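Examining the three-dimensional arrangement
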Amino acid sequence: MLIDSHCHLNYLDDPEGAIERARQSGVSSCLCISVDEEGHDGVIRLANTHDDVWATAGVHPDAADGNLHWIEDALAHDRVVAVGETGLDYFHASEQAVQARQREAFAYQLDLAEKNALPVIVHTRQAEADTLDLLRAYAGVRGVLHCFTESWSLAKQALDLGFFISISGIVTFKNAENVRDAIKLCPLERILLETDSPFLSPEPLRGKSNEPSHLMYTLKFIANIKNQSEENFSQITSNNFIKLFNINI
């Protein structure tokens, strides 16, 4: 069993083909992630059509100034298993007013996660202190820091709050030593795997459109770092996913 815990199938040119290739490569389930209201229908359509595709509902920090109120109704759908992706991205937002809107949107979605007893999928980039402040403010919420690229200090404090850490193909990049350092220290029972497709194809496919079938490259790379067999590590990360999202697979 191998699960892609974070992908954007609705952004692919051929999502149906990508889903079939994922199955053939051994990927048994995918979590298709919402980032805004406009794209949510496409996410739900794929989850409704395929038993091995699940969905989320949320607004990415880059879209934090848009409508948020649709999310609450969307969470009632039986294929939606998490809030997000949400969070903070100060790399793309240097203005204080924009950062403030991101924090408001993040807090709104953390509140929805708490009220609906759902995990939250967190995007965080160059916003460690504010991310941790908001996670602590909603201490009852659990979730995952997706596509982790930040410091071990952030990872450790998120782990202490009960969060999982998800690793993408970035871990295979030559300049991602910080990600490799973090994954060495991260407990096996808190690691998820993701593609973030169609973005961030792992080596040796870097620069090409990513898709869930490429998760095998990331699996092999991290299994080697963690001194695990591919089969065992695949099962561990899949069990972690099932535990966090409370899904029967």
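Described in the following lines is the structure provided in the data block. (Residues numbered from 1 in each chain as written. Predicted model: local features only at pLDDT ≥ 70, side-chain atom pairs only at ≥ 80, totals over all residues. Heavy atoms only, no water.)

Looking now at the overall build of the protein chain. When helices and strands are counted, the protein chain shows nine helices and eight strands. Overall size of the protein chain, expressed as C-alpha extent along the three principal axes, is 45 × 40 × 30 Å. Considering the protein chain as a whole, with its 249 residues, one finds that 58% of them fall into the buried category. Accessible surface computed for the protein chain: about 10,700 Å², of which carbon and sulfur atoms make up 46%. Mean positive and mean negative side-chain charge positions of the protein chain (20 and 36 charges, respectively) differ by 7 Å. (Helix = DSSP H or I, 4+ residues; strand = E, 2+ residues; numbered from the N terminus. Buried < 20%, exposed > 50% of the residue type's maximum accessible area, 1.4 Å probe, protein only. Areas by Shrake-Rupley, 256 points an atom, 1.4 Å probe, with all protein chains shown as cover. Lys, Arg positive; Asp, Glu negative; His and termini not counted. Charge placed at Lys NZ, Arg CZ, Asp CG, Glu CD.)

Right, let's get into the sheet that holds strand β7 (residues 164–167). Here eight strands make up an open sheet; going across it, the order is β1-β2-β3-β4-β5-β6-β7-β8 and the pairing parallel. At either margin of the open sheet sits one strand with a lone partner, and together these are β1 (2–7) and β8 (191–193). Strand-to-strand twist of the sheet, defined as the mean angle between neighbouring strand axes without regard to direction, takes the value 30°. Docked against the sheet, helix α2 (residues 37–49) engages β2 (27–32), β3 (53–57) and β4 (80–89), running at close to 155° with respect to β3. (Pairing = 2+ DSSP bridges. Axes fitted to C-alpha atoms, helices over the stretch in contact; angles between N-to-C directions. Contact = heavy atoms within 4.5 Å.)

So, on to unusual backbone geometry. Across the junction of serine 197 and proline 198, the peptide omega takes the value 15°, indicating a cis bond. Position of proline 198 relative to the elements: it lies in the loop between β8 and α8 (215–225). Not every positive phi belongs to a glycine, and cysteine 147 is a case in point at roughly 45°. Of note, cysteine 147 is situated in the loop between β6 (143–145) and α6 (152–160). Its relative accessible area of 10% is what places cysteine 147 among the buried residues. Here asparagine 227, not a glycine, exhibits a phi torsion of approximately 55°, which is positive. Within the secondary structure, asparagine 227 is located in the loop between α8 and α9 (230–245). Residue classification places asparagine 227 among the exposed residues on the basis of a relative accessible area of 70%.

With that out of the way, let us pick up the packing of aromatic side chains. On inspection of all chains with the given rule, the structure shows two aromatic pairs. With a centroid separation of 6.3 Å and 75° between ring planes, the pair formed by tyrosine 11 and phenylalanine 199 is classed as edge-to-face. Within this pair, whereas tyrosine 11 is found in the loop between β1 and α1 (15–25), its partner phenylalanine 199 is found in the loop between β8 and α8, the two being separated by 188 residues in sequence. With a relative accessible area of 40%, phenylalanine 199 lands in the partly exposed category. (Phe/Tyr/Trp six-rings, centres within 6.5 Å; stacked < 30°, edge-to-face > 60°.)

Quick look at α9 now. For an α-helix the count is 3.6 residues per turn, leaving residues at separations of three or four pointing the same way. Between its terminal C-alpha atoms α9 stretches 22 Å, which fits the 22 Å expected from 16 residues at 1.5 Å a residue. For α9, the complete set of buried residues consists of Phe233, Ser234, Ile236, Thr237, Ser238, Asn240, Phe241, Leu244 and Phe245. Remark: asparagine 246 follows α9 within two positions and exhibits a positive phi of approximately 55°. (Expected span 1.5 Å × (residues − 1).)

Moving on, we come to the state of the cysteines. Two cysteines, two sulfur atoms, one covalent bond between them: this is a disulfide. Scanning all chains against the criterion turns up zero disulfides. Free of any disulfide, cysteine 32 has its nearest neighbouring cysteine sulfur in cysteine 7, separated by 5.4 Å. Of the cysteine sulfurs around cysteine 147, a residue in no disulfide, the closest is that of cysteine 7, at 13 Å. (Disulfide = S-S within 2.5 Å.)

Its boundaries defined by the atoms lining it, the largest pocket holds a volume of some 390 Å³. Along its surface, the largest pocket is lined by 19 residues, and His123, Arg125, Cys147, Asp196 and Leu200 are the ones closest to its centre. Put simply, the parts of the chain that give the lining of the largest pocket at least two residues each are β4 and β5 (120–125). With three residues, β5 is the single largest residue contributor to the lining of the largest pocket. By residue class, the composition of the lining of the largest pocket is six nonpolar, seven polar and six charged. (1 Å grid on protein atoms, 1.4 Å probe; cavity = no way out; pocket = protein on both sides within 12 Å on 5 of 7 lines; lining within 4 Å. Points joined across faces, edges and corners; volume = space filled by probe spheres on them. Nonpolar A, V, L, I, M, F, W, Y, C, P; charged D, E, K, R; others polar.)

Spatial relationships are all this shows, so hold off on functional conclusions.
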